[in-house]
Amino acid sequence: MEQTVASPHVLLFPFPGQGNMNSMLNLAEFLCNAGLHITFLNSNHNQQRLLRFTNAQERFSRWPKFRFQTIPDGLPADHPRSAATFFEILDSMKATAKPLFREMMIMASRKESGLWPPLSCFIIDGLMPFAIDVAEELSIRVIVYRAISACCLWTFFCLPGLFAAAELPFQGGDVEDDMDVTIKNVPGMQGFLRRRDLPSFFQTKDPTDPIFQQIGVECQKMTQAYGLIINTFEDLESPVLTQFRSQVPNLYTVGPLHALTLRRQHSSSSMTSNIAVSNSLWDEDRSCITWLDSQPPKSVVYMSFGSLVVYDKDTLMEFWHGLVNSGKLFLWVVRQDSINISGGEGTSFLAEVVDGAKERGSLVVGWAPQEEVLSHPALGVFLTHSGWNSTMEGIYAGVPMICWPFFADQQINSRFVSEVWKVGVALDKCDRWTIERVVKDVMEQKREVLVESIDGLAKLARRCISEGGSSRSNLDRLIQDLRSVRESVYDTSTSTLVG
Ligand code: UDX
């Protein structure tokens, strides 16, 4: 048997959402820099958009050991792929991508040519347990990746306890009126966690809701995998991470990933610093940076609800009046597909909002280079949906937040921002008066205290990603662990991994 030592070749497979793909691409860059072979598996839909709106292909061409591959998500081209259809995306991936993924991986684990050794490890988004099953079937080491906060993931592990203690499903006559009831059975979060802060999926009265089964499977996969990568940092979620390690001992906390990538861009002389880092699935409107350049320091409210949130005209109007009445300048991201108004009315309504903002010296864009916006000196506050990437980006940039969570982990992220880290304020109502009051408060009276807290967290984030910091050390350990699979020997006569 002719044998060679196979070079490590890692497959990264994100769930096809902007935040999931974005942060995993940042991780991929880091792994490429460590000299690993990387196959990045994107949905066809996302790959087309990524190539259309960014220079990702050019950026990654710097690493000959990196390649993109694609897989269909099974949805029609005009499918909204929004928060409201989140479970359709999950189901479609399972139905369409699973068999194809299995076939692709069987081929790839047997037969690779030229530069490409067989796959030695999978890093798979934990939202897709089916892909983890395939790794297990092929006896390939699998590390799970999660793009959400540890505090949210921890509540997933606490589900059995919440049911056993009858805290779930919610009891009581009018659950809507009782959302402030505190939750006692999430260890480490007693005293501040309320019903309304639990992940949106928990907020159902139906104990047989299939979501509970899906979460159970996700937890099982996280505990069975070789390890779990989370885009967070030790100093941010330390008490939760301690609890978490009782379930998943091999945790790689490697965040904030976007900052690691930026940092390397600035520190490496071999990099061409003029290549912008963008992993956007929408066309970034860079005119907002020129606009920000002409605004006074700390004067602008930046409002963006990420890639999936969809809201109706009434909600939009409350935000509009709240912002305008606050008298502050604002930069507002309104994705074309984010307003729930049909056809032509939506387009003309959006045009009115854009023009109205301009008349008031403010700006509405369809999609912004968010990381750059957040680090701009003109930024005063970030009005966010509390998606995890946005939360990490806001913390790293040291910009106080106003939180208006919509779904998934956003509720609990918002609670941690406002009550635990005290770096922002949660909106308790979405009406124009509350919005106006809170915007003024955060931009004026509360500003100093919030800035002090968030500056402290931003410093800790910087320390974590510096040489010797916890995220850097965890990344080094991850790379070592990915390389250790190389100990497997590649049998060139049968093209298989042995040992
Ligand atoms: C989803 C879920 O909704 C969220 O709850 C979960 O935490 C992660 O996955 P998304 O809603 O897109 O993510 O929000 P978020 O995690 O904040 O990610 C959005 C990403 O898009 C961020 O990296 C942000 O920088 C980027 N973005 C957003 C832009 O680049 N430009 C914009 O105009 C808006």
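Just so we're clear, the structure is a prediction, and the values are computed from it rather than from any experiment.

Draft legend 1. Structural view of the packing of helix H6 (residues 150-157) against helix H16 (residues 410-420). Between H6 and H16, the least distance of the axes is 9 Å, while the angle of their chain directions is 125°. Classified by the interaxial angle, the pair formed by H6 and H16 is oblique. Considering the relative orientation of H6 and H16, their crossing is right-handed. Contacts between H6 and H16 involve Cys151, Cys152 and Thr155 on the former and, on the latter, Ile412, Asn413 and Phe416. Looking at the contact of H6 with H16, its residues break down into four nonpolar, two polar and no charged.

Draft legend 2. Focus on the domain arrangement of the protein. What the domain assignment reports for the protein is domain 1 (3-154 + 204-272 + 467-497) and domain 2 (287-460). Here domain 1 and domain 2 have C-alpha centroids that lie 30 Å from each other. Contacts between the two partners involve 26 residues from domain 1, matched on the other side by 21 residues from domain 2. Contact with domain 2 buries surface across domain 1, with Cys151, Leu236 and His258 losing the most and accounting together for 26% of the total. Run the count over domain 1 and domain 2 and you get zero salt bridges. Our enumeration of links across domain 1 and domain 2 arrives at five residue pairs in polar contact (both at pLDDT 80 or more). If you list the elements that add at least two residues to the side of domain 1 that touches domain 2, you get helix H1 (18-33), H6, helix H9 (234-244) and helix H10 (257-267).

Draft legend 3. Looking closely at helix H5 (residues 129-137). Among the residues of H5, Pro129, Phe130, Ala131, Ile132, Val134 and Ala135 are the ones counted as buried. Backbone geometry just after H5 places Ser139 at a positive phi near 55°.

Draft legend 4. Molecular detail of the site of the ligand. Taken together, the neighbourhood of the ligand is formed by 23 residues, with Ser307, Ala368, Ser390, Glu393 and Asp409 sitting nearest. One of the side-chain nitrogen or oxygen atoms of Gln370 is found 3.4 Å away from an oxygen atom of the ligand. Between Glu393 and the ligand, the recorded distance is 2.6 Å, taken from a side-chain N or O atom to an oxygen atom. Coverage of the ligand by the protein chains reaches 96% of its 660 Å² of free accessible surface. Among the elements of the structure, H1, strand E9 (300-304) and helix H15 (388-397) are those that each provide at least two residues to the shell around the ligand. Its residues placed into classes, the shell around the ligand shows eight nonpolar, 13 polar and two charged. Counting residues domain by domain, the shell around the ligand receives three or more from each of domain 1 (3-154 + 204-272 + 467-497) and domain 2 (287-460).

Draft legend 5. Layout of the pairing of strand E5 (residues 121-125). With five of its five residues buried, E5 lies for the most part within the structure. Burial of the side chains of E5 extends over both faces: Cys121, Ile123 and Asp125 are buried on one face and Phe122 and Ile124 on the other. Here strand E2 (residues 9-13) pairs with E5 via four bridges, running parallel. In the sheet register, Leu11 faces E5, and the bridge partner there is Phe122. Bridging between E5 and strand E6 (residues 141-146) involves five bridges; their strand directions are parallel. By the bridge assignment, Ile123 is partnered in E6 with Ile143. The parallel pair E5 and E6 is bridged by H5, and the resulting crossover is right-handed.

Draft legend 6. View of the nonpolar core. Ranked by internal contacts, the top residues of the largest apolar core, which has 137 residues, are Phe13, Phe101 and Ile123. When residues of this core are sorted by domain, at least three fall in each of domain 1 (3-154 + 204-272 + 467-497) and domain 2 (287-460). Apart from the residues lying within four places of it in its own chain, the contact partners of Phe13 are Met24, Leu41, Ile71, Met93, Phe101, Ile123, Ile124, Asp125, Met128, Phe130 and Ala131. Of all hydrophobic cores here, the second largest spans 32 residues; its members include Phe319, Trp332, Ile341 and Leu450.

Draft legend 7. Examining the pattern of salt bridges more closely. Inspection of every chain in the model, using the stated rule, returns 19 salt bridges. For Arg102, the salt bridge identified is with Glu137, shortest N-O distance 2.5 Å. Note that Arg102 is positioned in helix H4 (residues 86-110) and Glu137 in helix H5, a separation of 35 residues in sequence. Classification of Arg102 by relative accessible area gives partly exposed; the value is 34%. Residues Asp180 and Arg196 are paired through a salt bridge, measuring 2.8 Å at the closest nitrogen-oxygen approach. Taken together, the residues Asp180 in the loop between helix H7 (159-164) and helix H8 (210-224) and Arg196 in the loop between H7 and H8 connect sequence positions 16 residues apart.

The rules behind these values
- Per chain, the residues get numbers from 1 upward, laid out in the order the sequence is written.
- Given that the model is predicted, a residue must reach a pLDDT of at least 70 before its local features are reported, and side-chain atom pairs must reach 80 or more before they are shown or counted; all residues, however, enter totals for whole chains, interfaces and linings.
- Neither water nor hydrogens contribute to the side-chain values; these are computed over all heavy atoms in the structure.
- Simply put, an axis is a line fit to the C-alpha atoms, just over the touching stretch for a helix, and the angle between two N-to-C directions goes from 0 to 180 degrees.
- In DSSP terms, a helix is any run of H or I states spanning at least four residues, a strand is any run of E spanning at least two, and both are numbered starting from the N terminus.
- Any angle that falls under 35 degrees is termed roughly parallel, while one over 145 is termed roughly antiparallel, one within 65 to 115 roughly perpendicular, and all others oblique.
- Crossing handedness is defined as follows: a turn of the near helix away from the far one that is anticlockwise and smaller than a right angle gives a left-handed crossing, while the clockwise case is right-handed.
- It only takes one pair of heavy atoms within 4.5 Å for two residues to be counted as in contact.
- Charged residues are taken to be Asp, Glu, Lys and Arg, nonpolar residues to be Ala, Val, Leu, Ile, Met, Phe, Trp, Tyr, Cys and Pro, and polar residues to be all remaining types, Gly included.
- Domains are outlined according to an automatic or database domain assignment.
- Two parts placed together each lose some accessible area under a 1.4 Å probe, and adding up what both lose gives the buried area.
- Note on definitions: salt bridges are taken to be side-chain nitrogens of Lys or Arg within 4 Å of carboxyl oxygens of Asp or Glu.
- Between N or O atoms, a polar contact is any pair within 3.5 Å; within protein, one atom must be a potential hydrogen donor and the other a potential acceptor, and residues adjacent in sequence are included only when both atoms are from side chains.
- Summary of the burial criterion: residues with accessible area below 20% of their type's maximum are buried, those above 50% are exposed, and those between are partly exposed, where the area comes from a 1.4 Å probe applied to protein chains only.
- Throughout, near means a residue has at least one heavy atom within 4 Å of the molecule or strand.
- Note on areas: Shrake-Rupley, 1.4 Å probe, and residue coverage restricted to the protein chains presented here.
- When DSSP finds two or more bridges between two strands, those strands count as paired.
- Crossover handedness is defined here as right-handed if the route from the first strand over the helix to the second strand goes clockwise, with the strands pointing away from the viewer.
- What we call a nonpolar core is a set of buried Ala, Val, Leu, Ile, Met, Phe, Trp, Tyr and Cys residues that are connected through their side-chain atoms within 4.5 Å.

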